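Secondary and tertiary structure notes
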Amino acid sequence: MLPQGPPLSPSLSPKKRGLFSDGDQDPSAKQVRMCNPEFLEAFRKFESGKGFIDIAALASALEFVKLGIEAGTQHSLLHRPFQASTCCWLLARFGSHNRLALQEWCELMDYLSNLKTIFLEVDSNRSGAVEFAELHHAFQLFGVNLDPAMIAEVGGSYDTDKDGTLEFDEFVQMRLEWDYYIAAWDVKTQGADRIAPQQLLQVLEEIKQSLEPLGAILGAHSGTATAINGVVFSSMFGVHRPFHISTCERLIIRFGQGSLYLTFEQFCSMMIFLKEMKAAFSSLDSKGCGSLDLPELCTAFWRAGINFPEGLILQIGKTFDRDNSGGIEFDEFIQMTAEWHEMWKLQECFSPNITADELQRLMGSVRVIYEVIDECVQTLRPFSINTCRWLIAKFGTCQVGERFAQRLSFLEFLQLVQFLKECYVTFTSFDSNRVGSLSADHLGGVLAAFGLSLSPEAVDNIRLSYDVDRSNRLCFDEFLQMFLEVQLYDQCFSSREQNPAILTPFNAMRPVLGQSFGTAGSNSGLFGIGYRRQLYTQFSECFGSPPQRSQRPDYNKNAVSIFGAGGIVHSLLPGAQNLEFHAGNLEP
């Protein structure tokens, strides 16, 4: 449980400068500003004998001091009254009990006066509004070098009239929100330039706690329902649900570029993402319970800009619905989108297809299947080119004249990545020592899980057949190639079960084998468990002796060889893609 201290005050931040700098904090100078007669007059006019200004009167009070705010400016800063959402932000920042006493009102006005100075500096072309290019430059001066497109996303989230610029009240709201993010970072890092998952968890919880007053005000004020969607606060789903540490790990994997630490710049990118995902999630969570059913999940993905096919989204969602409740909670949604948002951005790499060589290079930037083990991000070694060929053969579309698929489309790539993720889960479930590879003992358990009960000698020969680097263990890419061949082997079984007379790899080259299986099937009338047990027995016998790499069978177009010399199956599948496998190698 995280320590529960008082909410962070944005004024605590020691590193603010440039875009996020504070005004002159000299006590004497500040006291003079606080006694501004215009501020005092506005307060007396709108406190209406109550001794405070509430949310209903705040916009009018700000409009009353319009001339004071705009003094010395070329253009009007207040083309319209402050938006209700901006007033809520100001009240949450400076007020107490949803109202402003005189001192708090003067603090608010002093803050706006400082922002006016910053706004005019950022508005370099003196247009009276901050363009997104100007905002990008302001972030750079602050020391945050975000991509211009990302800055446009930041500005767009506050640009309520969608004119491509930030007017003063929109600029004020942006600054108020980011004050909280920066303050949380500064307090938890204590001057460090990066944070680990546990620190990120604390930063996020501090942000949620600090923004709790805002959530209460926005929730109670009519006309701000949309504004609350992108805000992360403690009671955003009725009850306080802390983020899970695995969510922070997934966010750091997504934004930390392979490191288990997050820099401030990466933290800023992460907060932009988190805000967008919260808005997409809350727009569909009409009951505010913090859960989406699977059909709603599809819409949430699309609103978040991840335009995956519905079937793939449902498949992804089911893997995260660990309690089989049919619902995805916000924490799970963040983990999902953190993993898959970057996949959508890889679409530009497809024009419209990629080859095995291109897939091999691309897999180096795919972080969906990375995990955090012993406080380190466990990455995968590069896949072999042969494993990539296998993957394309499985998921690609065979073109005219091809014996097997040799190129992969983007949508096929997405299915491939989901398959890899599921395989990696199986792989790590047997990797009990978490060393990233499987011994012969572990491999036997994996094969048994897929219905192959083999002798220890056969299992060890299988391991030798795929242990390319001779490490006496199978790494994930070696395991993956074995798994793909086992699936093909099972596909051969299925073809034979459905029609014992059909030309299959088993009766094409081994007529005795085909006859015995066919006879067994015809006598029993079933091609189920007994049939597969016979095939698995034969499979075990095939691997019952050590592989002889010098012995190669006489391959031909319709042949199959089941042997322990580096590959399970060499075949031409009837009615399917033409596949030819040479000692475990998929050769064009």
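Here the structure is a predicted model, which is why all the values come from computation and not from measurement.

**Description of the overall build of the chain**
A tally of regular secondary structure across the chain gives 26 helices and 16 strands. At a minimum sequence separation of 6, the contacts of the chain that also span at least 24 residues come to 67%. Surface accessibility of the chain: about 25300 Å² in total, with carbon and sulfur atoms responsible for 52%.

**Describing the packing of helix α10 (residues 197–210) against helix α14 (residues 264–282)**
Contact geometry for α10 and α14: axes closest at 13 Å, N-to-C directions at 50°. Classified by the angle their axes make, α10 and α14 are oblique. Note on packing geometry: the crossing formed by α10 with α14 is right-handed. Facing L200, V203, L204 and I207 of α10, the residues of α14 in contact are F267, M270, M271 and L274.

**As for the UniProt feature "domain: EF-hand" (unreviewed entry) in the chain**
UniProt feature "domain: EF-hand" (unreviewed entry): in the numbering of this structure it lies at residues 110–145, 158–181 and 318–343. This span, residues 110–145, is 67% helix and 6% strand, and a straight line between its end C-alpha atoms measures 29 Å. Counting secondary structure, residues 158–181 comes out at 62% helix and 8% strand; the distance between its end C-alpha atoms is 16 Å.

**Considerations on α14**
Over its 19 residues, α14 runs 26 Å from end to end, which matches the ideal 27 Å to within 8%, given 1.5 Å per residue. In terms of burial, α14 is a largely internal element, 16 of the 19 residues being buried.

**A closer look at the packing of helix α15 (residues 294–303) against helix α17 (residues 330–345)**
Viewed as axis vectors pointing N to C, α15 and α17 meet at an angle of 45°, and their least axial separation amounts to 12 Å. By the angle between their axes, α15 is oblique relative to α17. Note that α15 runs across α17; the crossing there is right-handed. Listed contacts from α17 to L297, A300 and F301 of α15 are F333, M336, T337 and W340. Here the residues of the contact of α15 with α17 sort into six nonpolar, one polar and no charged.

**Some points on the nonpolar core**
Core analysis: the largest hydrophobic core is formed by 156 residues, its most contacted members being W105, F267, F308 and F413. Those residues in contact with F413 that lie beyond four places of it in its chain are M343, L346, F350, L359, L362, M363, V366 and L408.

**Here we look at the packing of aromatic side chains**
Applying the stated criterion to the full structure yields 32 aromatic pairs. Arranged with centres 6.2 Å apart and planes meeting at 80°, the rings of F301 and F333 form a pair that is edge-to-face. Taken as a pair, F301 in helix α15 and F333 in helix α17 lie far apart in primary sequence, 32 residues in all. We note that F301, like F333, is buried. By way of ring pairs, the aromatic residues F237, F243, F281, F301, F308, F330, F333, W340, W344, F350, F410 and F413 are connected into one cluster.

**Here's the deal with the pattern of salt bridges**
Oppositely charged side chains are able to pair whenever their charged atoms sit close together. Under the definition given, this model contains eight salt bridges. Between E205 and K208 there is a salt bridge; the shortest N-O distance is 3.4 Å. Placement of the pair is E205 and K208 together in helix α10, with a separation of three residues, close to one helical turn. For the pair shown, E205 and K208 are each scored as buried.

**Quick word on unusual backbone geometry**
Put simply, S351 and P352 share a cis peptide bond, and its omega is -10°. Structurally, P352 is set in the loop between α17 and β9 (353–354). Of note in this structure, S48 is not a glycine but carries a positive phi near 50°. Along the chain, S48 turns up in the loop between α2 (37–46) and β1 (53–54).

**A few points about helix α3 (residues 55–64)**
Among the residues of α3, A57, L58, A61 and L62 are the ones counted as buried. Projected onto a plane normal to the axis of α3, the buried residues spread over an arc of 140° and lie on a single side.

**Focus on the side chain of T189**
If you trace the backbone, T189 turns up in helix α9 (residues 168–189). Taking relative accessible area as the criterion, T189 reaches 6% and is therefore assigned buried. At a separation of 2.8 Å, a polar atom in the side chain of T189 contacts the main-chain carbonyl oxygen of W185.

Procedures and definitions
Numbering of residues begins from 1 in every chain and follows the order in which that chain's sequence is written. Restriction of local features to residues with pLDDT of at least 70 applies here, the model being predicted, together with a cutoff of 80 or more for giving and counting side-chain atom pairs; totals for whole chains, interfaces and linings are based on all residues. Each side-chain value is worked out from all heavy atoms of the structure, with water and hydrogens disregarded. We count a stretch as a helix when DSSP gives it H or I for four or more residues in a row; a strand needs E for two or more, and each element gets its number in order from the N terminus. Only heavy atoms enter the contact rule, under which two residues are in contact if any of them lie within 4.5 Å. Surface exposure here means Shrake-Rupley accessible area, sampled with a 1.4 Å probe, where a residue is shielded only by the protein chains that are shown. As a rule, the C-alpha atoms of each element are fitted with a line to give its axis, helices using only the stretch in contact, and angles between N-to-C directions run from 0 to 180 degrees. Orientation labels follow simple angle bins: below 35 degrees gives roughly parallel, above 145 gives roughly antiparallel, 65 to 115 gives roughly perpendicular, and whatever is left gives oblique. Two helices crossing with the near one rotated counterclockwise from the far one by less than a right angle form a left-handed crossing, whereas a clockwise rotation gives a right-handed crossing. UniProt positions are given in the numbering used here, feature names are shortened, and annotations may be inferred rather than shown by experiment. In this analysis, the expected span of each helix is defined as 1.5 Å times one less than the number of residues it contains. With a 1.4 Å probe rolled over the protein chains alone, any residue whose accessible area is under 20% of its type maximum counts as buried; one over 50% counts as exposed, and the rest are partly exposed. Side-chain classes follow a simple rule in which Ala, Val, Leu, Ile, Met, Phe, Trp, Tyr, Cys and Pro form the nonpolar group, Asp, Glu, Lys and Arg form the charged group, and the remainder, Gly included, forms the polar group. In this text, buried Ala, Val, Leu, Ile, Met, Phe, Trp, Tyr and Cys residues form a nonpolar core when linked through side-chain atoms within 4.5 Å. When the centres of two rings from Phe, Tyr and Trp lie within 6.5 Å, Trp using its six-membered ring, the rings pair. Their planes under 30 degrees apart give stacked, over 60 give edge-to-face, and anything left gives tilted. Salt bridges are defined by distance alone: a side-chain nitrogen of Lys or Arg within 4 Å of a carboxyl oxygen of Asp or Glu. As used here, the arc belongs to the directions running from the helix axis to the C-beta atoms. Nitrogen and oxygen atoms within 3.5 Å of one another constitute a polar contact, given that in protein one can donate a hydrogen and the other can accept it, and given that sequence-neighbouring residues count only through two side-chain atoms.

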